[in-house]
Amino acid sequence: QYFETLDVVKNAVKLRFDQDDLHILKVIERFILSAANNKCSETVDLVKDLNKYTDIIKLNELTTEAQELHVYIKQHNNKKKKSNPSYTPVTNVTTISTVCDVMNGVSDSKESLPQILKLLKLYLSMPLNSATAERTFSAMRRVNSWLRSTMSSNSLNNRMFSTIYKHR
């Protein structure tokens, strides 16, 4: 009976973490991190897993932009080093928040890397579970009150990101 219980728990955990959304989030995260670390061979392998999103992201442009992302990280390091001599440069990108900081820190990165930006938005806006989705709708209810019901979708989206990701 003990081993049967362990098997049930193991299968429940496996079902919980083997969802399609979680898989695509892992693929997007690996793609962005490998592009940021200038590992082009890994990015080429991961692009085929993103075929599901060809209506949103242009994959041929994405691969080109992925080859340029590490240049923007170097620019970000140089800019930070000039403003703060004690700044430790980023040598190995391990989190998506570092890439977001680079995209926000380098002035023309959002215009030069639009497909990477779309991929980051997709990554940051995809809820992982129902609790995340419920918190998002709860935050939307607070942001989009009756008085602000006439705001545009772009304005609502920007306010939602700032409400949900307060720590950033």
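Just above, that's the structure.
Reading the values: rules and limits
Residues numbered from 1 in each chain as written. Predicted model: local features only at pLDDT ≥ 70, side-chain atom pairs only at ≥ 80, totals over all residues. Heavy atoms only, no water. Helix = DSSP H or I, 4+ residues; strand = E, 2+ residues; numbered from the N terminus. Buried < 20%, exposed > 50% of the residue type's maximum accessible area, 1.4 Å probe, protein only. Contact = heavy atoms within 4.5 Å. Axes fitted to C-alpha atoms, helices over the stretch in contact; angles between N-to-C directions. Parallel < 35°, antiparallel > 145°, perpendicular 65-115°, else oblique. Left-handed = near helix turned anticlockwise from the far one by under 90°. Patch = residues over 30% accessible without salt bridge, like charges linked within 9 Å, V, L, I, M, F, W, Y side chains within 5 Å. Areas by Shrake-Rupley, 256 points an atom, 1.4 Å probe, with all protein chains shown as cover. Salt bridge = Lys/Arg side-chain N within 4 Å of Asp/Glu carboxyl O. Nonpolar A, V, L, I, M, F, W, Y, C, P; charged D, E, K, R; others polar. Polar contact = N/O pair within 3.5 Å; in protein donor to acceptor, adjacent residues only side chain to side chain. Core = buried A, V, L, I, M, F, W, Y, C linked by side-chain atoms within 4.5 Å. Expected span 1.5 Å × (residues − 1). Arc of directions from axis to C-beta.

Undergrad: Please explain the overall build of the chain as it appears in this structure.
TA: Each helix and strand counted, the chain has 9 helices and 0 strands in total. When the helices and strands of the chain are placed in sequence order, the string is α-α-α-α-α-α-α-α-α. Put simply, the chain has 168 residues, and 32% of those count as buried. Contacts spanning at least 24 positions in sequence make up 63% of the contacts within the chain whose residues lie at least 6 apart.

Undergrad: Help me understand the packing of helix α5 (residues 96–105) against helix α7 (residues 114–125) in this model?
TA: Between two packed helices, the angle of one axis relative to the other and the distance separating the axes together describe the packing. Interhelical geometry of α5 versus α7 gives an angle of 135° and a closest axis separation of 11 Å. The angle between α5 and α7 places the two elements in the oblique class. Note that α5 runs across α7; the crossing there is left-handed. Of the residues in α7, those touching α5 at Ile96, Val99, Cys100 and Met103 are Ile116, Leu117, Leu120, Tyr123 and Leu124.

Undergrad: Looking at this structure, I do not really get a nonpolar patch on the surface. What am I missing?
TA: A contiguous nonpolar surface patch, about 380 Å² in accessible area, is contributed by Tyr2, Phe3 and Leu6. Position of Tyr2 relative to the elements: it lies in helix α1 (residues 2–17).

Undergrad: Looking at this structure, how should I read the packing of helix α4 (residues 59–83) against α5?
TA: At their nearest, the axes of α4 and α5 sit 9 Å apart, and the two run at 70° to each other. The pairing of α4 with α5 is recorded here as roughly perpendicular in orientation. Residues Leu69, Tyr72, Ile73, His76 and Lys79 of α4 pack against Val99, Asp101, Val102, Met103 and Gly105 of α5. Among the residues making up the contact of α4 with α5, the classes are represented as 6 nonpolar, 2 polar and 2 charged.

Undergrad: Please explain the side chain of His70 as it appears in this structure.
TA: Looking at the element boundaries, His70 is found in helix α4. A polar contact of 3.1 Å, which involves the side chain of His70, links it to the backbone oxygen of Gln67.

Undergrad: Is there a simple way to explain the nonpolar core in this structure?
TA: Where a protein is soluble and globular, its nonpolar side chains tend to be buried together. The biggest cluster of nonpolar side chains holds 36 residues, and the ones touching the most others in it are Phe31 and Leu50. Those elements giving two or more residues to this core turn out to be α2 (20–36), α3 (40–47), α4, α5 and α7. Counting residues per element, this core draws most heavily on α2, at 9 residues. If we ignore the near neighbours within four places in the chain, the residues touching Leu50 are Ile24, Val27, Ile28, Phe31, Leu59, Leu62 and Leu119.

Undergrad: So what exactly am I meant to see when it comes to α7 here?
TA: Side chains three or four residues apart in an α-helix point the same way, a direct result of the helix having 3.6 residues per turn. Taking 1.5 Å per residue, 12 residues should reach 16 Å; α7 reaches 16 Å between its end C-alpha atoms and fits that length. Residues Gln115, Ile116, Leu117, Leu119, Leu120, Leu122, Tyr123 and Leu124 constitute the buried set of α7.

Undergrad: How should I be thinking about helix α9 (residues 153–164) in this particular structure?
TA: Between the first and last C-alpha of α9 there are 16 Å, a value that for 12 residues agrees with the 16 Å anticipated at 1.5 Å per step. Those residues of α9 not exposed but buried are Leu156, Met160 and Thr163. Buried residues along α9 cover an arc of 65° about the axis, so they all sit on one side.

Undergrad: Explain the environment of Tyr72 here, please?
TA: The topology assignment puts Tyr72 in helix α4. Beyond its immediate sequence surroundings of up to four residues, Tyr72 is in contact with Val102, Val106, Asp108, Ser109, Ser112 and Leu113.

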